[in-house]
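Below, each chain spelled out in residue letters.
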2 protein chains.
Amino acid sequence: MTKQALFEQILLKKSYLCVGLDTDIKKIPPHLLQAKDPVFEFNRQIIDATAPYAVAYKPNIAFYEAMGVKGWESLQKTMKYIPKECFTIADAKRGDIGNTSELYARTFFDKNSSGFDFDAVTVAPYMGRDSVQPFLAFENKWVILLALTSNVGSNDFQHLKIEVEGEPKKLYQQVLTKSQEWGSSESLMYVVGATQADKLAEIREIVPDHFLLVPGVGAQGGSLEEVSRYGMNKKCGLLVNSSRAIIYASSGEDFAERAEEEAKKVQQEMEKYLSAIV
Amino acid sequence: MTKQALFEQILLKKSYLCVGLDTDIKKIPPHLLQAKDPVFEFNRQIIDATAPYAVAYKPNIAFYEAMGVKGWESLQKTMKYIPKECFTIADAKRGDIGNTSELYARTFFDKNSSGFDFDAVTVAPYMGRDSVQPFLAFENKWVILLALTSNVGSNDFQHLKIEVEGEPKKLYQQVLTKSQEWGSSESLMYVVGATQADKLAEIREIVPDHFLLVPGVGAQGGSLEEVSRYGMNKKCGLLVNSSRAIIYASSGEDFAERAEEEAKKVQQEMEKYLSAIV
């Protein structure tokens, strides 16, 4: 999907909500366990309930992998079920030397190889340029590079003070700066955690045009209002992810209705913030 | 597997060779393509040929993932086939926020969840402590953390000059130092690329007792002699990986014999270097 097509979807749905499909067989409502493929059945109902309010879906690959072959089958069915106009993100945090990243790119982007046809994949930056470029070689596909994550451990390395050509910076700032040599805002987005919303204004100075994927609103405590205030640009430039707060809004038979209510609530708040740019 | 058990295997086989199973359906000998599962058939013959000379096997997960569900099935069969006394490494470069890393740990360590029972998994450090700890919670399982990788892109971030408590360092040095707060040399190893062998002596000062997984000998140009001279400690402390130079030594029907010859050659060289410590 192109950047423009994504922006048009955002305007159409008045939403920049991404629903995270962190589907854990141990957490889905018990009545679904009788279904032939409980994980897919859960996702199917969540997608039906939230598609009017979401522009993107983000399966968290760990949750499918952990179930072995069966999990990959559930993921395949889920991907086929997501409406074509939605942006799809494989939240996989991959990244390896060039010839290996090429294979990871095939995994998520090349339908003929793996059966998957995601629009984007999340990538870890530690191994540098040649670990990222093979993903960028696919047309109209996206790398979403980890910059500043929402977890406590982000303090261990991402905030380290570094020096580049005599200038003091933090590591995550250099990830943002350096990676712009590898791809443009038409193929590269960044993960910036909502729990670090105060950093968004400063990040926007480094990457004014790029889309940011913002996890951490909801269960992890980030504020949608702050994220939108500091992170939005003229083409929206935000995909805000919510996983647990939507998909596990209820653990009963009403889980899909409750997910719909939660997604709608977020969408309505987003509509308000979007009015600043349209 | 415990550190002591791994050391005993090294003494027994007089080898610290790890064979990388980067099995690409596009590169295996054509006569195997008629087999029911060509990737497994290739791995089976490579394992038979190299097991006397190798203490570890390292499937590169990207190569299996890229084939979708079929690839995971080949990987399952391969894992069941590897002799029990060999150390097994899922080269997966995973790492995510705590609740997600927990799922990745289940994927590779929890037989009841995914069917896999690897001894170790490679993990990327960028997201910090809580992205690594869930893997360390499994008894007798190992995290192999990326420190200094063998690719060109390692220059982008790993060598950045940082400052920690007023002291100048490089990022990879801080990864080595900081991560020692999370696990001991009984559960934590590090990836150090053979193409950076000159750094090994200095790395040994930071992590004297830890095992190092060293890729990059062979196709990537690293020298086994230098790696062994600067990297070996009293308990060997090295697993040197070779993938392409062994498994693709021939692309003909003699691929397994040629792989055996290459593995044996490496083992004999290793036997020489091991004589320094036993």
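Parameters and conventions
- Residues numbered from 1 in each chain as written.
- Chains lettered and ligands numbered in written order.
- Predicted model: local features only at pLDDT ≥ 70, side-chain atom pairs only at ≥ 80, totals over all residues.
- Heavy atoms only, no water.
- Contact = heavy atoms within 4.5 Å.
- Buried area = accessible area lost by both parts, 1.4 Å probe.
- Salt bridge = Lys/Arg side-chain N within 4 Å of Asp/Glu carboxyl O.
- Helix = DSSP H or I, 4+ residues; strand = E, 2+ residues; numbered from the N terminus.
- Buried < 20%, exposed > 50% of the residue type's maximum accessible area, 1.4 Å probe, protein only.
- Lys, Arg positive; Asp, Glu negative; His and termini not counted.
- Polar contact = N/O pair within 3.5 Å; in protein donor to acceptor, adjacent residues only side chain to side chain.
- Expected span 1.5 Å × (residues − 1).
- Pairing = 2+ DSSP bridges.
- Axes fitted to C-alpha atoms, helices over the stretch in contact; angles between N-to-C directions.
- Right-handed = clockwise from strand over helix to strand, strands pointing away.
- UniProt positions renumbered as here; feature names shortened; annotations may be inferred.
- Least-squares fit on C-alpha atoms with pLDDT ≥ 70 in both.

## A look at the interface of chain A and chain B
Buried accessible area, meaning the area lost when the parts come together, often serves as the stated size of an interface.
So, step 1. With 59 residues of chain A in contact, the opposing surface of chain B contributes 59 residues.
So, step 2. Surface buried jointly by chain A and chain B totals about 5100 Å² across both partners, of which 59% is contributed by carbon and sulfur atoms.
So, step 3. The interface formed by chain A and chain B contains six salt bridges.
So, step 4. When residues of the side of chain A that touches chain B are assigned to their parent elements, the largest contribution, seven residues, is made by helix H5 (residues 98–109) of chain A.

## Structural notes on the side chain of Arg-204 of chain A
Residue and element names in this part refer to chain A.
So, step 1. Mapped onto the fold, Arg-204 is located in helix H10 (residues 200–206).
So, step 2. This buried residue, Arg-204, is left without a salt bridge; Asp-209 holds the nearest opposite charge, at 6.9 Å.
So, step 3. A polar atom in the side chain of Arg-204 sits 2.8 Å from the backbone oxygen of Val-207.
So, step 4. A distance of 2.6 Å separates the side chain of Arg-204 from the backbone oxygen of Gly-231, its partner in a polar contact.
So, step 5. Beyond its immediate chain neighbours, meaning those up to four positions away, Arg-204 contacts Asp-209, His-210, Leu-212, Tyr-230, Gly-231, Met-232, Asn-233, Cys-236 and Gly-237.

## Some points on helix H2 (residues 38–50) of chain A
All names here are of chain A.
So, step 1. Given a rise of 1.5 Å per residue, 13 residues ought to cover 18 Å, and the 18 Å separating the end C-alpha atoms of H2 matches this to within 8%.
So, step 2. For H2, the tally of buried residues reaches 10 of 13 residues, placing the bulk of the element in the interior.
So, step 3. Those residues of H2 lying buried are Pro-38, Val-39, Phe-40, Glu-41, Phe-42, Asn-43, Ile-46, Ile-47, Ala-49 and Thr-50.

## With respect to the sheet that holds strand S1 (residues 17–21) of chain B
All names here are of chain B.
So, step 1. Reading around the circumference, S1-S2-S3-S4-S5-S8-S9-S10 is the order of the eight strands in this closed barrel, with parallel pairing throughout. Averaged over all pairs of adjacent strands, the angle between their axes in this sheet comes to 30°, without regard to strand direction.
So, step 2. Direction of pairing for strand S4 (residues 120–123) relative to strand S5 (residues 142–148): parallel, over a ladder of four bridges. Note that in S5 the partner of Thr-122 across the bridge is Ile-144.
So, step 3. The strands that helix H5 (residues 98–109) touches are strand S3 (87–94), S4 and S5; relative to S3, the one it contacts most, it runs at about 150°.
So, step 4. Packing against the sheet, helix H11 (residues 224–231) makes contact with strand S9 (212–214) and strand S10 (238–242), and its axis sits at approximately 165° to S10.

## Section: the pairing of S5 of chain B
Strand residues, when the strand is regular, have side chains that alternate between the two faces of the sheet.
All names here are of chain B.
So, step 1. The buried count for S5 comes to seven of seven residues, which makes it a mostly enclosed element.
So, step 2. The handedness of the S4 to S5 crossover, carried by helix H7 (residues 129–136), is right-handed.
So, step 3. Bridge count between S5 and strand S8 (residues 188–192): five bridges; the pairing is parallel. By the bridge assignment for S8, Leu-145 is matched with Tyr-190.

## Some details on the UniProt feature "active site" (unreviewed entry) in chain A
So, step 1. Here, the residues flagged by UniProt with the feature "active site" (unreviewed entry) are Lys-93 of chain A.
So, step 2. Its location among the elements puts Lys-93 of chain A in strand S3 (residues 87–94).
So, step 3. Once residues within four sequence positions are removed from consideration, Lys-93 of chain A is found in contact with Thr-122, Val-123, Ala-124 and Leu-146 of chain A together with Lys-93, Gly-95, Asp-96 and Met-127 of chain B.
So, step 4. A polar atom in the side chain of Lys-93 of chain A sits 2.7 Å from the side chain of Asp-91 of chain A.

## Focus on the pattern of salt bridges
Residues and elements named next belong to chain A.
So, step 1. Tallied over the entire structure, the rule returns 32 salt bridges over all chains.
So, step 2. The shortest N-O distance in the salt bridge between Arg-44 and Glu-41 comes to 2.8 Å. Of the two residues, Arg-44 and Glu-41 both sit in helix H2, three residues apart, roughly one turn of that helix.
So, step 3. For Glu-41, a relative accessible area of 17% translates into the label buried.

## A few points about the relation of the copies chain A and chain B
So, step 1. For the pair chain A and chain B, the superposition axis carries a translation of 0.0 Å, the fit reaches an RMSD of 0.0 Å, and the rotation angle comes to 180°. Overall, the copies show the geometry of a two-fold rotation axis. No C-alpha of chain A approaches the rotation axis more nearly than that of Ile-162 of chain A, which lies at 2.1 Å.
So, step 2. Comparing interface residues between copies, 100% of those in chain A also lie at the interface in chain B; the contact surface is shared.

## Considerations on the sheet that holds S3 of chain A
All names here are of chain A.
So, step 1. Taking strand neighbours around the barrel as the criterion, the eight strands line up as S1-S2-S3-S4-S5-S8-S9-S10 in a closed arrangement whose pairing is parallel. Recorded for the sheet is a direction-independent mean angle of 30° between the axes of neighbouring strands.
So, step 2. By the bridge criterion, three bridges tie strand S9 (residues 212–214) to strand S10 (residues 238–242) in an arrangement that is parallel. Bridging across to S10, Leu-213 finds its partner in Leu-239.
So, step 3. In the packing of H2 onto the sheet, contacts are made with strand S1 (17–21) and strand S2 (56–59), and the angle to S1 comes to roughly 170°.

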